[in-house]
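Observations on the three-dimensional arrangement
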Amino acid sequence: MPRMAAVVLLLLLPALCSARPLSRGNFHASDSQFLRVARAAVNYLNYGQGSPSLLRKVALLGKTSVRNIPGVGHEYSLQFYTKHIQTGQYLGKCNAKVRYQKKMSKPLIDISCTDNKDADQIMKDDYSLYTKLKATSSPDELKYFANVGSSYIAWKESSEYDGYVTREIKDAKRWVRDNALEFDYTILVDSDVSKNFSCHMRITWNLELPIKVKYTCFSEDTSAESADGSGEESGSYDSFQTNF
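Every value quoted in this text rests on a predicted model; they were computed, and no experiment measured them.

Conventions we followed
Residues numbered from 1 in each chain as written. Predicted model: local features only at pLDDT ≥ 70, side-chain atom pairs only at ≥ 80, totals over all residues. Heavy atoms only, no water. Pairing = 2+ DSSP bridges. Helix = DSSP H or I, 4+ residues; strand = E, 2+ residues; numbered from the N terminus. Core = buried A, V, L, I, M, F, W, Y, C linked by side-chain atoms within 4.5 Å. Buried < 20%, exposed > 50% of the residue type's maximum accessible area, 1.4 Å probe, protein only. Contact = heavy atoms within 4.5 Å. Axes fitted to C-alpha atoms, helices over the stretch in contact; angles between N-to-C directions. Parallel < 35°, antiparallel > 145°, perpendicular 65-115°, else oblique. Left-handed = near helix turned anticlockwise from the far one by under 90°. Nonpolar A, V, L, I, M, F, W, Y, C, P; charged D, E, K, R; others polar. 1 Å grid on protein atoms, 1.4 Å probe; cavity = no way out; pocket = protein on both sides within 12 Å on 5 of 7 lines; lining within 4 Å. Points joined across faces, edges and corners; volume = space filled by probe spheres on them. Disulfide = S-S within 2.5 Å. Expected span 1.5 Å × (residues − 1). Arc of directions from axis to C-beta.

Let us now look at the pairing of strand β3 (residues 90-101). In this sheet, β3 lies alongside strand β2 (residues 73-84) in antiparallel orientation, the contact comprising 11 bridges. Across the sheet, Ser77 pairs through a bridge with Lys97, a residue of β3. Where β2 hands over to β3, the hairpin turn is made up of 5 residues, of which Gly88 adopts a positive phi near 80°. Note: β3 against strand β4 (residues 108-113), 6 bridges, orientation antiparallel.

Written out as structure tokens, the structure reads:
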């Protein structure tokens with residue numbers, strides 16, 4: 001029997017050595033879970049720290065690990081690569097630590113990314129995008145800018161085990177009010193484990209002020225009364241100011 005066990009171990013050894021280490025400690029996470037957490041970190045970056053002209057999405061996972069902190073929660077360490085939401089251009093590597101704590105609804109996130117553009121160029125690109133949006137109501141540009149707000153909604157509604165991605169952006173409208181641009185959208189958002197929902201979203205952008213996002217969401221399987229706002233809402237009407 002010991003000899004047979006040794007043979008089995010030798011047969012399994014290549015697979016064990018090539019397996020990707022997914023966790024540390026007693027908590028294990030799948031690749032799909034790491035991807036969900038990476039998307040949450042990028043949504044946080046897009047609405048809170050990033051640039052409207054440099055909105056990202058996760059392209060590829062790199063090194064990942066997770067550890068269980070007894071009595072506190074789970075801390076994920078992630079390395080991943082990003083690309084531009086609209087153009088698909090490679091935007092560099094990001095490193096993030098994301099800690100989901102039992103007594104907090106949203107995680108603590110520390111994220112840094114290498115960019116292929118310097119700060120001055122990013123500011124110029126932001127101004128160029130602002131003037132372009134002010135001068136035209138191109139459907140492609142309007143839908144791209146909606147990702148500022150949809151990143152916030154995906155971040156706001158997500159949890160450690162429930163992530164959201166935007167399925168469709170439609171009914172895009174734009175107004176110019178003094179020095180501010182206002183945008184109105186309907187977006188359809190998909191959950192990877194729970195209910196999908198649709199949201200009405202309003203974004204206000206003034207170059208001299210933080211971008212503002214307001215939204216209200218409804219579950220897609222609610223009644224017509226709920227859908228037109230006269231019934232119970234599955235989401236909440238919220239307001240957020242970014243750090244752009």
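Here we take up the nonpolar core. Grouped together as the largest cluster of nonpolar side chains are 51 residues, with contacts concentrated most on Tyr76, Phe80, Val98, Phe145, Phe183, Tyr185 and Met201. Counting residues per element, this core draws most heavily on helix α4 (residues 139-157), at 9 residues. Leaving out residues up to four positions away in the same chain, Val98 has contacts with Val37, Ala41, His74, Glu75, Tyr76, Leu78, Pro107, Leu108 and Ile109.

Before going further, it helps to spend a moment on the environment of Ile122. Within the element layout of this structure, Ile122 appears in helix α3 (residues 119-135). Judged by its relative accessible area of 15%, Ile122 falls in the buried class. Excluding residues that lie within four positions of it along the chain, Ile122 makes contacts with Ser51, Ser53, Leu54 and Lys117.

Viewed as axis vectors pointing N to C, α3 and α4 meet at an angle of 130°, and their least axial separation amounts to 10 Å. On the basis of the axis angle, α3 is oblique to α4. In the crossing of α3 with α4, the sense of the turn from one axis to the other is left-handed. When α3 is examined against α4, the residues Leu129, Lys132 and Leu133 are found in contact with a partner set consisting of Glu141, Leu142, Tyr144 and Phe145. By residue class, the composition of the contact of α3 with α4 is 5 nonpolar, no polar and 2 charged.

Let us look at the environment of Thr82. Take Thr82: it is sitting in strand β2. Taking the C-alpha atoms as reference, Thr82 lies 8.9 Å from Cys113; in sequence the two are 31 residues apart.

What follows is about the layout of surface pockets. The space that makes up the largest pocket amounts to roughly 400 Å³. Lining the largest pocket are 18 residues; nearest its centre among them are Lys57, Ile85, Asn147, Val165 and Thr166. Contributing elements (two or more residues each) for the lining of the largest pocket: α2 (31-48), β1 (56-69), α4 and β5 (164-177). Ranked by residues supplied to the lining of the largest pocket, first place goes to β5 with 6 residues.

Looking now at the state of the cysteines. For the structure shown, the criterion picks out 2 disulfides. Between Cys94 and Cys113 runs a disulfide, and the two sulfur atoms are separated by 2.0 Å. Across the S-S bond linking Cys94 and Cys113, the dihedral sits near 105°, which makes this disulfide right-handed. Taken as a pair, Cys94 in strand β3 and Cys113 in strand β4 lie far apart in primary sequence, 19 residues in all. Note on Cys113: relative accessible area 22%, which makes it partly exposed. Between the sulfur atoms of Cys199 and its disulfide mate Cys217 the distance is 2.0 Å. Here the S-S torsion is close to 100°, and the disulfide linking Cys199 with Cys217 is therefore right-handed.

Look at α3: 24 Å from first C-alpha to last across 17 residues, which is about the 24 Å you get at 1.5 Å a residue. Considered for burial, the residues of α3 that qualify are Ile122, Asp125, Asp126, Leu129, Tyr130 and Leu133. End-on view of α3: buried residues confined to an arc of 140°, all on one side of the axis. The outward face of α3, more than 90 degrees from its buried face, is lined by the exposed residues Asp120, Met123, Lys124 and Ala135. Check the buried side of α3 and you find it contacts α4, β5, β6 (180-191) and β7 (197-206).

Right, let's talk about unusual backbone geometry for a bit. In this model, Asp171 sits at a positive phi of 55°, which is unusual for a non-glycine residue. Along the polypeptide, Asp171 turns up in strand β5. With a relative accessible area of 47%, Asp171 lands in the partly exposed category. Phi at Asp178 takes a positive value of approximately 55°, unusual for a residue other than glycine.

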